[in-house]
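Structure assessment
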Amino acid sequence: MGILNTIQGFLEKYVGPVAQKFSSFKVVQGLMAGMMSTMPVTLGVALLSILVGLPIPPLQDFLNSTGLASVINDVLVVTMNLGALYMCASVSHSFGEVLGNKGMASVVASIGVALLLIPLGRTEDGMTFIPTTYMGSNGLFVALVVALVVPALLHFLMKHIAVPLPDSVPPFVSNSLSPMLCAIVIFTSFTLLKWGMTFTAWGDIYTAVNAIISTPVMGLGSSPAAVLIYFTLCNALFFFGIHPSVLMSVYMPVMAACGLANTEAFLAGDPMPYLQFSILMAIGSSDALGMELALLTGKSESLKALSRIALVPAIFNISEPIMFGTPIAMNPYMFIPYILLKPVAWLCAFVGFYLGLGNAFNPTISMPFVVPLPISNFFTGGIGLVLIVVASILAIALLFIPFVRIADKKALKDEAEARAAKAAEA
């Protein structure tokens, strides 16, 4: 553990002060608190997600025959698949509180603007509907921007054009009526933005943002370097609030083409042309367990509670409790390990590939993502692939431990101060 202690000492001396300064920014505080506030949704449906994804024929037959599978899928659609909407509400509320905005004006205005910007769909009989496509991962970045911009605009406008009301007016009334003029300015401005986007090649702000973000990925191919760049870029984007699935739609054709080529070669008895690509892709779900092992070393009550809550979901490759409970995004303590996470895992897979541990890979077997890694890896690549993924998990854990220790040390200090303050009040 001497090396880890050395790394921890270096981080506390040089990285810690910068991270502490960065975490004091109001935008960062609003984002971190807001993302953690979505845990009731992500964690609340984690068991349902595991249940509907388990590849147990009797269980799936029961779920399908009783109609429960359809109901669970509907629940997942309106929870996890609408994550951008929940994130917009929670972040706007947290950021509004940091800025000193009163009432629910920040939340209501932010949700209204996020929905306003969505291009509406129309059925053949003239019915209008809001596509859920833009309320999930495809709309997460726009939702986060709205959740930060709208409360900031409201805070600025309330200082200049708020409707003055006498002190005798009850707070719940004044908090609703005072921002009227501010809301008019905000909604009119975003309406003009939506109108302006219709004159562009994209047509709407959601398509424009996704296209601009996705452009750097267009040139990526099937080489090991491309996989590394892709996953690292995904992590970098997620850290700044952009869900990695925004890039998935662009990179999906590359993955599909490589998978199809490997399948055709495998069935024909020929060497698979993209075996290394598939092995590198197989380690993609090792993040959750690696980070969970690091969290288990925490001594503070907050990290202990989080590690206990996140353990079962992590076993089933569900990382949301860790991602939003730590949180990872916009958390300066987690920037370095999260950016280095994929390169470290990629290195393990790269070495394992050249040691021949992935030669048993079978591209015709596809397992649901909720199947625990050792089980799914054994079926798709034998014991060799299991060893590669286990090595990746352990490497990720070792990478995160020094940074978890720093965050844990700060949490212990905060908890001690909170206990002292509570004792003083008593």
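Placed above this text is the structure.
Nothing here was measured: the structure is a model prediction, and the numbers come from that model. (Residues numbered from 1 in each chain as written. Predicted model: local features only at pLDDT ≥ 70, side-chain atom pairs only at ≥ 80, totals over all residues. Heavy atoms only, no water.)

1. Brief notes about the environment of Pro 164
Formally: Runs of E in the DSSP output that reach at least two residues are strands. Runs of H or I that reach at least four are helices, and both are numbered from the N terminus.
On the secondary structure map, Pro 164 appears in the loop between α9 (140-158) and α10 (171-177). Between the alpha carbons of Pro 164 and Ser 178 there is a distance of 6.5 Å; along the sequence they are 14 residues apart.

2. Re empty space enclosed by the protein
Here is the rule: Only protein atoms enter the 1 Å grid used here. Points where a 1.4 Å probe fits but cannot escape make up a cavity, open sets with protein on both sides within 12 Å along at least five of seven lines make up a pocket, and a residue lines them when an atom lies within 4 Å of a point. Grid points are joined across faces, edges and corners, and a volume is the space filled by probe spheres set on the points. Residue type decides the class: Asp, Glu, Lys and Arg count as charged, Ala, Val, Leu, Ile, Met, Phe, Trp, Tyr, Cys and Pro as nonpolar, and the leftover types, Gly among them, as polar.
In this structure the tally under the stated criterion is five cavities of 30 Å³ or more. Put simply, the largest cavity is a space of about 60 Å³. Every residue lining the largest cavity is listed: Ala 84, Leu 85, Cys 88, Ala 114, Leu 115, Ile 118, Tyr 134, Met 135, Gly 139, Ala 143 and Tyr 206. For the lining of the largest cavity, the secondary-structure elements that each account for two or more residues are α7 (83-99) and α8 (105-116). It is α7 that provides the largest number of residues to the lining of the largest cavity, a total of three residues. Its residues placed into classes, the lining of the largest cavity shows 10 nonpolar, one polar and no charged.

3. A closer look at the packing of helix α16 (residues 287-295) against helix α17 (residues 301-315)
Here is the rule we go by: Convention adopted: a line fitted to C-alpha atoms gives each axis, helices being fitted over their contacting stretch, and angles between N-to-C directions are expressed from 0 to 180 degrees. Working definition: roughly parallel below 35 degrees, roughly antiparallel above 145 degrees, roughly perpendicular at 65 to 115 degrees, and oblique for all remaining angles. By convention the crossing between two helices is left-handed if the near helix lies anticlockwise of the far one by an angle smaller than a right angle, and right-handed if it lies clockwise. Contact criterion: two residues are considered in contact whenever any of their non-hydrogen atoms come within 4.5 Å of each other.
For the pair α16 and α17, the least separation of the axes is 9 Å and the interaxial angle reads 155 degrees. In terms of orientation, α16 and α17 fall into the roughly antiparallel class. Judged by the twist between their axes, the crossing of α16 over α17 is left-handed. Between α16, through Ala 288, Leu 289, Glu 292 and Leu 295, and α17, the contact on the second element is made entirely by Leu 303, Leu 306, Ser 307, Ala 310, Leu 311, Ala 314 and Ile 315.

4. Observations regarding the environment of Pro 224
The criterion, for reference: Type-normalised accessible area, obtained with a 1.4 Å probe on protein chains alone, sets the label of each residue: buried when under 20%, exposed when over 50%, and partly exposed for intermediate values.
Topologically, Pro 224 is positioned in helix α13 (residues 224-239). By relative accessible area, which is 24% here, Pro 224 ends up partly exposed. When the C-alpha atoms of Pro 224 and Phe 350 are compared, they prove to be 8.4 Å apart, with 126 residues separating the residues in sequence.

5. Focus on the packing of helix α2 (residues 26-36) against α7
Angle between the axes and distance between the axes: these two values describe a pair of packed helices. Two numbers describe how α2 lies on α7: the axes approach to 8 Å, and their chain directions differ by 140 degrees. On the basis of their axis angle, the class for α2 and α7 is oblique. Regarding α2 and α7, the two cross each other, and that crossing is right-handed. Residue-level inspection shows Lys 26, Val 27, Gln 29, Gly 30, Leu 31, Ala 33, Gly 34 and Met 35 of α2 in contact with α7, the latter providing Met 87, Ser 90, Val 91, Ser 94, Phe 95, Val 98 and Leu 99. Looking at the contact of α2 with α7 residue by residue, the class counts come to nine nonpolar, five polar and one charged.

6. Some words on the pattern of salt bridges
Here is the rule: Should a side-chain nitrogen of Lys or Arg be within 4 Å of a carboxyl oxygen of Asp or Glu, the pair is scored as a salt bridge.
Counted by the stated rule, this structure contains two salt bridges. Between Lys 342 and Asp 287 there is a salt bridge; the shortest N-O distance is 3.0 Å. Taken together, the residues span a long stretch of sequence, with Lys 342 in helix α19 (residues 335-354) and Asp 287 in helix α16 at a distance of 55 residues. This pair shows no difference in class: Lys 342 is buried, exactly as Asp 287 is.

7. Quick word on α9
Put simply, the test is: Between the first and last residue of a helix there are one fewer steps than residues, each counted as 1.5 Å, and that sum is the expected span.
The end-to-end C-alpha distance of α9, which contains 19 residues, comes to 27 Å, matching closely the 27 Å that a straight helix rising 1.5 Å per residue would cover. All of the buried residues in α9 are Leu 140, Val 142, Ala 143, Leu 144, Val 146, Ala 147, Leu 148, Val 150, Pro 151, Leu 154 and Leu 157.

So yeah, pure geometry; function would need other evidence.
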